[in-house]
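The chain contents come next:
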Amino acid sequence: MTTETGTDGFARAASLEEVRKNGRLAVRVGGHSLALFLAGGKVYAVDIRCPHMGFPLDRGTVDDGILTCHWHHARFDLESGGTFDQFADDARVFPAEVRDGEVWVDLAPRGDWREYRLGRLRDGLERNISLVTAKSVISLLDGGEDPAGSFRDGLLFGVRYRRGGWGQGLTMHTCMMNLLPSLSPEDRPRALFHGLSAVARDSDGMPPRFVLNPLPDNDVDVPTLKRWFRRFVEVRDAEGAERCIISAVHSGAGRRSLADMLFAAATDHRYIDIGHPLDFTNKAFEALDAAGWEHADVVLGSLAGGYAGARRMEESNSWRNPVDLIERLYASFEELPDALETGRERRGTWRGDEGLIPVLLGEDPHAIAGALLAALREGAGEEELAGAVVHAAALRIARFHTSNEFGDWDTALHTFTFANAVQGGLRRAPSRELLRGVFDAAMSVYLDRFLNVPPARLPEPGGEGQRPEALLEELPDLLDRQQRVNEAGSAAARYLYAGGDPGPLLSTLGGLLLREDRDFHTMQAVEAAFRQHALSNGSPAGVHALIAAARYLAAHSPTVRSQGQTYDIARRLSRGERIHEEA
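Note that the structure is a prediction, hence the values are computed from the model and not measured. (Residues numbered from 1 in each chain as written. Predicted model: local features only at pLDDT ≥ 70, side-chain atom pairs only at ≥ 80, totals over all residues. Heavy atoms only, no water.)

Caption draft 1: Expanded view of the nonpolar core. W166, F229, L300, L360 and F439 are the most contacted members of the largest nonpolar core, which has 150 residues in total. In contact with W166, other than residues within four places in its own chain, are L155, V159, T171, T174, F280, K283, A284, A287, V299, S302 and L303. Core analysis: the second largest hydrophobic core is formed by 17 residues, C69, F76, A91 and V93 among them. (Core = buried A, V, L, I, M, F, W, Y, C linked by side-chain atoms within 4.5 Å. Buried < 20%, exposed > 50% of the residue type's maximum accessible area, 1.4 Å probe, protein only. Contact = heavy atoms within 4.5 Å.)

As structure tokens, then:
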């Protein structure tokens, strides 16, 4: 049907008599589906799709100038379209005039969509409304906005509106940002949605966090602040520790100095809170790399409570009996200076982790500590040594037997993500203090040894002659069924061994992660595996990391996928689809 348009931009919509007959009328004008209402002698034109979830507004009710959608009872000012219910967006209204018995509407765009969507993103975070968050992210990215902007908004919201400071939500948010380059373009808004929703949920109902000021006339040097900071953490004084962090940032401490300060405190005690504080620290630095270091005070300050309140493995029976691992670790730390000095001139000549991995996966903690020290004396760098321990931790997941209790997946996962974070910290600010974390991670790998009794069979190289694309197509179907753990790991391995490009595998695994309801540990597992694959330079360690990721993801799939449904509704609404039309 041809739309009749006037010289002033108005288009004919209907005759007044048609609208008057029922008090409302659904029309299609210039590519827009509108609901026309006659109320108080005036005609109003509204986008027919309820901005909440697309229900047809011509089936709503108008009373005293308020339009109510009958599905979820969202209410709108008929004149302006403004909603009285924050779970819904404002309805789009179109100026309408009656001319010679005909209704004409102005279809010209109105308002600043970008500012509106940024505001609605804040509303979604503040009120923990997933659909509002999804619609905002989709609209902003479709409009060409840099994902870093939405990421930054979520980061700053999370560190300011959760008194407990950095937690799972912000870690998930940063994991999603890190995964973006590996995802298909259509999955990137979905990843941001998952991260932002995690932040909103983690902050929902929480009191805000009031950031401390730096010390007045702050001229304390960074080494002194580092010493004070570690002392305050030792006596569990979170406020004193936070003020040292804030003061260090405002004194102009560089990124490496700040990392050195925080990672030292995170490794002054053994494997604190099963590795979460150190992993959170690594994620906070990665978040600042993405969002901007001008936010370092509020972001890094949010970590202080995690250090001060953490449980220390010196207090854990499993680290004390039947073998006193703590005693062995402190004996090893005494040898670190000599081992580093001996190996300094041999840096770059270490033969790699091939001989070290079997020891790390063995049953003798004394041999493990000795092998780590020997590797340092043979020229292994701090980061190289950490990489070997991460590889061993990934193998615990790749060889995790499904006869274990389901919750034990997380035991292996904690070791892997902790080891990955230690390596990340050493890449950022290598130090003897943080090197202790490599030894902690190795002892946690040792404690996880029972999870590989018996070990699951590790897929072997092969697959020549198989079409990689066909192998990749197996994964979505496998993850539609419960506990296809071994099959998923095998499919990922066979794809790589058949010469498949890792990029599509990463994209596929990322997409399969995002179709499930958000889960903290699964996001950690996949993100850390992707990082290890990127660092592996094509070595077996990279393949083993992706096998571990596929197996862990399969163990935790499928979920209800309610978040995916919410996101898909938002996606369809953003495309202008009329979701609730009859077939």
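Caption draft 2: Broad picture of the pattern of salt bridges. Throughout the structure, instances matching the rule amount to 44 salt bridges. In this structure, the salt-bridge partner of R120 is D123, at a minimum N-O distance of 2.9 Å. With R120 and D123 both in helix α2 (residues 113-127) and three residues apart, the pair spans about one turn of that helix. (Salt bridge = Lys/Arg side-chain N within 4 Å of Asp/Glu carboxyl O. Helix = DSSP H or I, 4+ residues; strand = E, 2+ residues; numbered from the N terminus.)

Caption draft 3: Region of the structure containing the packing of aromatic side chains. Scanning the model with the defined rule gives 13 aromatic pairs in all. An angle of 85° between the planes, with centres 6.1 Å apart, marks the rings of F333 and F439 as edge-to-face. Of this pair, F333 sits in helix α13 (residues 325-344) while F439 sits in helix α18 (residues 432-447), and the two are 106 residues apart along the sequence. As far as the burial class goes, F333 and F439 line up, both buried. Summarising the aromatic geometry, the rings of F400 and W409 are spaced 4.1 Å apart at their centres and angled 25° between planes, so their arrangement reads as stacked. In this structure, F400 and W409 share a single accessibility class: buried. One aromatic cluster is present, formed by F263, F285 and W293 through successive ring pairs. Its guanidinium or amino end placed over the ring of F10, R99 lies 4.8 Å from that ring's centre, counting from NZ or CZ. (Phe/Tyr/Trp six-rings, centres within 6.5 Å; stacked < 30°, edge-to-face > 60°. Lys NZ or Arg CZ within 6 Å of the ring centre and 35° of its normal.)

Caption draft 4: Representation of α18 within the structure. In this model, α18 (16 residues) spans 24 Å end to end at C-alpha, consistent with the 22 Å of a helix rising 1.5 Å per residue. Burial analysis of α18 places 13 of its 16 residues in the buried class, the great majority of the element. (Expected span 1.5 Å × (residues − 1).)

Caption draft 5: Region of the structure containing the sheet that holds strand β1 (residues 10-15). Spatially, the three strands line up as an open sheet ordered β1-β10-β9, and their pairing is antiparallel. Only two strands of the sheet have a single partner each, and these edge strands are β1 and β9 (96-99). This sheet shows a mean twist of 35° between the axes of neighbouring strands, independent of strand direction. Inspection of the sheet shows β1 paired to strand β10 (residues 102-106) by five bridges, in the antiparallel sense. When the sheet's bridge partners are listed, S15 is paired in β10 with E102. (Pairing = 2+ DSSP bridges. Axes fitted to C-alpha atoms, helices over the stretch in contact; angles between N-to-C directions.)

Caption draft 6: Focus on the pairing of strand β4 (residues 42-47). Counting buried residues in β4 gives five out of six residues, a clear majority hidden from the surface. One ladder, built from six bridges, connects strand β3 (residues 32-39) with β4; its direction is antiparallel. The residue of β4 that forms the bridge with L36 is A45. Joining the antiparallel neighbours β3 and β4 is a turn of two residues, in which G40 adopts a positive phi near 60°. Bridging between β4 and strand β8 (residues 93-94) involves two bridges; their strand directions are antiparallel. Bridging across to β8, V46 finds its partner in V93.

Caption draft 7: Up close: helix α9 (residues 255-266). The terminal C-alpha atoms of α9, which comprises 12 residues, lie 16 Å apart, in line with the 16 Å expected from a rise of 1.5 Å per residue. Of all 12 residues in α9, nine are buried; the element is thus mostly enclosed. Looking only at α9, the buried set comprises L258, A259, D260, M261, L262, F263, A264, A265 and A266.

Caption draft 8: Focus on the packing of helix α3 (residues 130-142) against helix α24 (residues 562-574). Relative orientation of the contacting elements α3 and α24 amounts to 45°, with a least axis distance of 9 Å. In this view, α3 runs oblique relative to α24, as classed from their interaxial angle. Relative to α24, the crossing made by α3 is right-handed. The segment α3 lies against α24, with S130, L131, A134, K135, I138 and D142 engaging T566, Y567, I569, A570, R571, L573 and S574. Taken together, the residues of the contact of α3 with α24 sort by class into seven nonpolar, three polar and three charged. (Parallel < 35°, antiparallel > 145°, perpendicular 65-115°, else oblique. Left-handed = near helix turned anticlockwise from the far one by under 90°. Nonpolar A, V, L, I, M, F, W, Y, C, P; charged D, E, K, R; others polar.)

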